[in-house]
Amino acid sequence: MADLPEEEFVVQEVEVVEEIERAPIYPSVRCAGCGELVMEPRTVKVGDKVLCPACANARFKAVVGRGIAELSRVPYRLKE
């Protein structure tokens, strides 16, 4: 987009006429497996442990380059 000519863009002032829905904010919980903080509704309870979806080997939705995808593992690894 940085290479497009300025004429390709329309800049206008707008008035917001409806309240914008805000995303809910949930508390973070520490995963008993990896120690990562995870949003409480995304946790998976296995026995008496609270785990992140990756440690619980559960499928989860994540934002990736092509949008929102359902994954079964995290698309990264920690550098040593």
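Residues numbered from 1 in each chain as written. Predicted model: local features only at pLDDT ≥ 70, side-chain atom pairs only at ≥ 80, totals over all residues. Heavy atoms only, no water.

### Quick word on the overall build of the chain
Which entries qualify depends on this criterion: Counting from the N terminus, the helices are DSSP H or I runs at least four residues long and the strands are E runs at least two residues long. The globule rule is 2.2 Å times the number of residues to the power 0.38, and the radius of gyration it is compared with is taken over C-alpha atoms. Remark: exposure states derive from per-residue accessible area (1.4 Å probe, protein chains only) relative to the maximum for the residue type, with buried under 20%, exposed over 50%, and partly exposed in between. The criterion used for residue contact is that any of the two residues' heavy atoms lie within 4.5 Å. For the area figures, the Shrake-Rupley method with a 1.4 Å probe applies, and any residue is considered shielded solely by the protein chains shown.
Each helix and strand counted, the chain has zero helices and six strands in total. Starting at the N terminus and ending at the C terminus, the chain contains elements arranged as β-β-β-β-β-β. Here the C-alpha atoms of the chain give a radius of gyration of 20 Å, more than 25% beyond the 12 Å that 2.2 N^0.38 yields for 80 residues. Its C-alpha atoms give the chain principal-axis dimensions of about 60 × 35 × 20 Å. Counting over 80 residues, the chain shows a buried share of 11%. Pairs at least 24 residues apart make up 2% of the contacts formed inside the chain by residues separated by at least 6 positions. When the accessible surface of the chain is split by element, carbon and sulfur atoms take 51% of a total near 7900 Å².

### Here's the deal with unusual backbone geometry
Unusually for a residue other than glycine, asparagine 57 sits at a positive phi of about 55°. Structurally, asparagine 57 is set in the loop between strand 4 (49-51) and strand 5 (60-64).

### A word on the pairing of strand 5
Stated formally: By the convention used here, strands pair only if DSSP detects at least 2 bridges between them.
Across five bridges, the pairing between strand 5 and strand 6 (residues 67-71) is antiparallel. Bridge pairing in strand 6 places alanine 62 opposite alanine 69.

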